[in-house]
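# Coordinates in review
So you can see what is in the structure, the chains are spelled out below.
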Amino acid sequence: MIKLQKSTFFKEKETKLKLCEFITKANVLSMGEECKKFELNFAKKQNRGHAVFVNSGSSANLLLIQALLNSGRLKKGDIVGVSALTWATNIMPLIQLGLQPFLVDCEIDSLNVSSRTFREALDIQPNMKAFFLTNTLGLSDDIGRIVKHCTDNGIVFFEDNCEALGSVVDGRLLGNYGIASTFSFFVGHHISAIEGGMICVDDDDLYNHLIMARSHGWDRNLSTDARKEIRKRYGISDFFAKYIFYDLGYNVRPTEINGFLGNNQIIYWDEIVNKRHQNFTRLHQVIVENNKLVPIRFGHMSLVSSFAIPVILRDLSTVKSYMKRFIDAEVEIRPMIAGNMARQPFYQKYISNPGNQPNAEFIHKNSFYFGNNPELTVEEIELLSGLLKE
Ligand SMILES: Cc1ncc(COP(=O)(O)O)c(C=O)c1O
């Protein structure tokens, strides 16, 4: 059986042994030195000013939206564009925090929002204040143009990069195009910490808002200078400071176990990303030769760090037979992320007019995916190639 999630970690056996040793020896298991180290390692590797570690990718999205509100970059009621083909907890925090999501359609051959679909969305909804783009399935479209469009129109732009760690477009890592980006370290994602998420930013003020909102809204985890500054600004004495809550927050802290795993797995970043890229391009060669399948357009990407291989059927009538091929060969498959978000019950409950997303709708019906794991064997790749042939 080729499962969607082949293993819990890259190099699973030795990672588990190291984890046992770490837990046995560690004095502190709540957020501490390992988490801090992982943040520094991650910010360096991603080439961003700051990284804030949290307990999941969903928490990263929630915390980011809260920090954008707390810092005044967004305000309640604002309309925020989101990819129609994304994960639910990319959209849910917008609804939970009083913003209005607006679905932006994808391109069928990139699975991502393009400047074309973005402009079309802006024509329908010119009051968009922000755009939270998902870099779907490690892929991307003409993201540089989308950013330019946002900059020209005063639209705050940030990325959900939970599915695209390591992918590169125009020489720039995805996750480095917006004012902030989120990542997931759930099992099956590029780097696994069992559970975990990260938010990358460059701006010091937004960083401080994230740090406070991650832990109850207090200032304890700020730098000494930032703590001094905020206490002075609010006229807080050192006696009360530990129990002052400046703004709305949560407890979405990670543990030292997640931090240890993150530090352990990040050393394999290049190996993991390159292997995923190789698998993707190898299997894509077969897809290109099969006229029944829609090939992915990724010539503008120098690295495709995908965690899944999309199978998009041109004709709806062939979808079932292709799904059966994979199921019969014991290859686990699933819908393309979660399909068109406009169809989800939670979306229909809270958003009265879901709009039109013809391409996401096509993807919803005509596609599925199987896992791309850096530890796929030569035999497994052969088997998968065979299934993709016409
Ligand atoms: C695009 C996207 N955003 C957010 C998440 C949520 O991440 P997590 O499972 O770590 O909460 C996922 C999960 O797969 C995702 O695909």
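These figures come from a predicted structure and were not determined experimentally.

The helix and strand tally for the chain stands at 15 helices and 13 strands. Relative to the compact-globule value of 21 Å for 390 residues, the chain shows a C-alpha radius of gyration of 21 Å, a close match. In terms of overall dimensions, the chain has a C-alpha envelope of 70 × 55 × 40 Å along the principal axes. Within the chain, the proportion of its 390 residues that are buried is 57%. For the chain, the share of sequence-separated contacts (at least 6 apart) that also reach a separation of at least 24 residues comes to 73%.

Time to look at the nonpolar core. F118, F131, F158, F326 and F370 are the most contacted members of the largest nonpolar core, which totals 104 residues. A total of eight residues in this core trace back to one element, the largest contributor, which is helix α3 (residues 57-70). Two domains each provide a minimum of three residues to this core, namely domain 1 (12-266) and domain 2 (269-388). Not counting the four nearest positions on each side in its chain, F131 is found in contact with G81, V82, S83, V104, V113, F118, I146, C150, I155, V156, F157 and F158. In this structure, F42, F183, A193 and I266 belong to the second largest nonpolar core, which totals 24 residues.

A word on the side chain of T134. Structurally, T134 is set in strand β4 (residues 128-134). A polar atom in the side chain of T134 sits 3.1 Å from the side chain of N90. Those residues within four positions of T134 in sequence are excluded, and the remaining contacts are S83, L85, T86, N90, N112 and D160.

Time to look at the domain arrangement of the chain. For the chain, the assigned domains are domain 1 (12-266) and domain 2 (269-388). Of note, the centres of domain 1 and domain 2, computed from C-alpha atoms alone, are 25 Å apart. Counting residues at the interface gives 43 residues for domain 1 and 42 residues for domain 2. Across the interface of domain 1 and domain 2, roughly 3600 Å² is buried in total on both sides, 67% from carbon and sulfur atoms. Connecting domain 1 to domain 2 are three salt bridges. Here D109 ties to R297 by a salt bridge, and the two come within 2.9 Å at their closest N and O atoms. Counting the contacts that link domain 1 with domain 2 gives 16 residue pairs in polar contact (both at pLDDT 80 or more). Those elements that place two or more of their residues in the side of domain 1 that touches domain 2 are α2 (33-46), α4 (88-96), β3 (100-104), β6 (168-169) and α10 (256-266). It is α4 that contributes the most residues to the side of domain 1 that touches domain 2, four residues altogether. Looking at side-chain class alone, the side of domain 1 that touches domain 2 contains 23 nonpolar, twelve polar and eight charged residues.

Pairing within the open sheet is antiparallel, and its three strands lie in the order β11-β13-β12. Each having just a single partner strand, β11 (308-312) and β12 (333-334) make up the two edges of the open sheet. In this sheet, strand β13 (residues 367-371) lies alongside β11 in antiparallel orientation, the contact comprising five bridges. Each residue of the ladder has a partner; that of P310, found in β13, is Y369.

Right, let's get into the site of the ligand. Near the ligand there are 13 residues, and of these G57, S58, D160, E163 and S184 occur at the shortest range. S58 is positioned such that a nitrogen or oxygen atom in its side chain is 2.6 Å from an oxygen atom of the ligand. Within the side chain of D160, an N or O atom sits 2.7 Å from a nitrogen atom of the ligand. Burial of the ligand by the surrounding chains reaches 90%, relative to a free accessible area of 390 Å².

All right, on to the pairing of strand β2 (residues 79-83) then. The buried fraction of β2 is high, at five of five residues. Here β2 shows two buried faces, one formed by I79, G81 and S83 and the other by V80 and V82. With five bridges connecting them, β2 and β3 associate as parallel partners. In the sheet register, G81 faces β3, and the bridge partner there is F102. Taking the sense of rotation as the criterion, the β-α-β connection linking β2, α4 and β3 turns out right-handed. With four bridges joining them, β2 and β4 adopt parallel strand pairing. When the bridges of β4 are listed, V82 appears paired with F132.

Moving on, we get to the pattern of salt bridges. Inspection of the entire model under this criterion finds 24 salt bridges. With a shortest N-O distance of 2.8 Å, E382 and R282 are connected by a salt bridge. Note that E382 is positioned in helix α15 (residues 378-388) and R282 in helix α11 (residues 269-289), a separation of 100 residues in sequence. With a relative accessible area of 44%, E382 lands in the partly exposed category. Residue classification places R282 among the partly exposed residues on the basis of a relative accessible area of 31%.

Right, let's get into the sheet that holds β4. Within a sheet, each strand pairs with its neighbour through backbone hydrogen bonds, oriented either parallel or antiparallel. With respect to topology, seven strands assemble into an open sheet ordered β1-β9-β8-β5-β4-β2-β3, the strand pairing being mixed. The outermost strands of the open sheet, each flanked by one partner alone, are β1 (50-54) and β3. Taken over all neighbouring pairs, the strand axes of this sheet differ in orientation by 20° on average, direction set aside. Of the pairings in the sheet, the one linking strand β5 (residues 156-160) to strand β8 (residues 180-184) comprises two bridges and is parallel in character. Among the inter-strand pairings, D160 is bridged to a residue of β8, identified as T182. With respect to the sheet, α2 is in contact with β1, β8 and β9 (197-201), its orientation differing from that of β1 by roughly 135°.

Basis of the calculations
- Residues numbered from 1 in each chain as written.
- Predicted model: local features only at pLDDT ≥ 70, side-chain atom pairs only at ≥ 80, totals over all residues.
- Heavy atoms only, no water.
- Helix = DSSP H or I, 4+ residues; strand = E, 2+ residues; numbered from the N terminus.
- Rg over C-alpha atoms; globule rule 2.2 N^0.38 Å.
- Buried < 20%, exposed > 50% of the residue type's maximum accessible area, 1.4 Å probe, protein only.
- Contact = heavy atoms within 4.5 Å.
- Core = buried A, V, L, I, M, F, W, Y, C linked by side-chain atoms within 4.5 Å.
- Domains from an automatic or database assignment.
- Polar contact = N/O pair within 3.5 Å; in protein donor to acceptor, adjacent residues only side chain to side chain.
- Buried area = accessible area lost by both parts, 1.4 Å probe.
- Salt bridge = Lys/Arg side-chain N within 4 Å of Asp/Glu carboxyl O.
- Nonpolar A, V, L, I, M, F, W, Y, C, P; charged D, E, K, R; others polar.
- Pairing = 2+ DSSP bridges.
- Near = heavy atom within 4 Å.
- Areas by Shrake-Rupley, 256 points an atom, 1.4 Å probe, with all protein chains shown as cover.
- Right-handed = clockwise from strand over helix to strand, strands pointing away.
- Axes fitted to C-alpha atoms, helices over the stretch in contact; angles between N-to-C directions.

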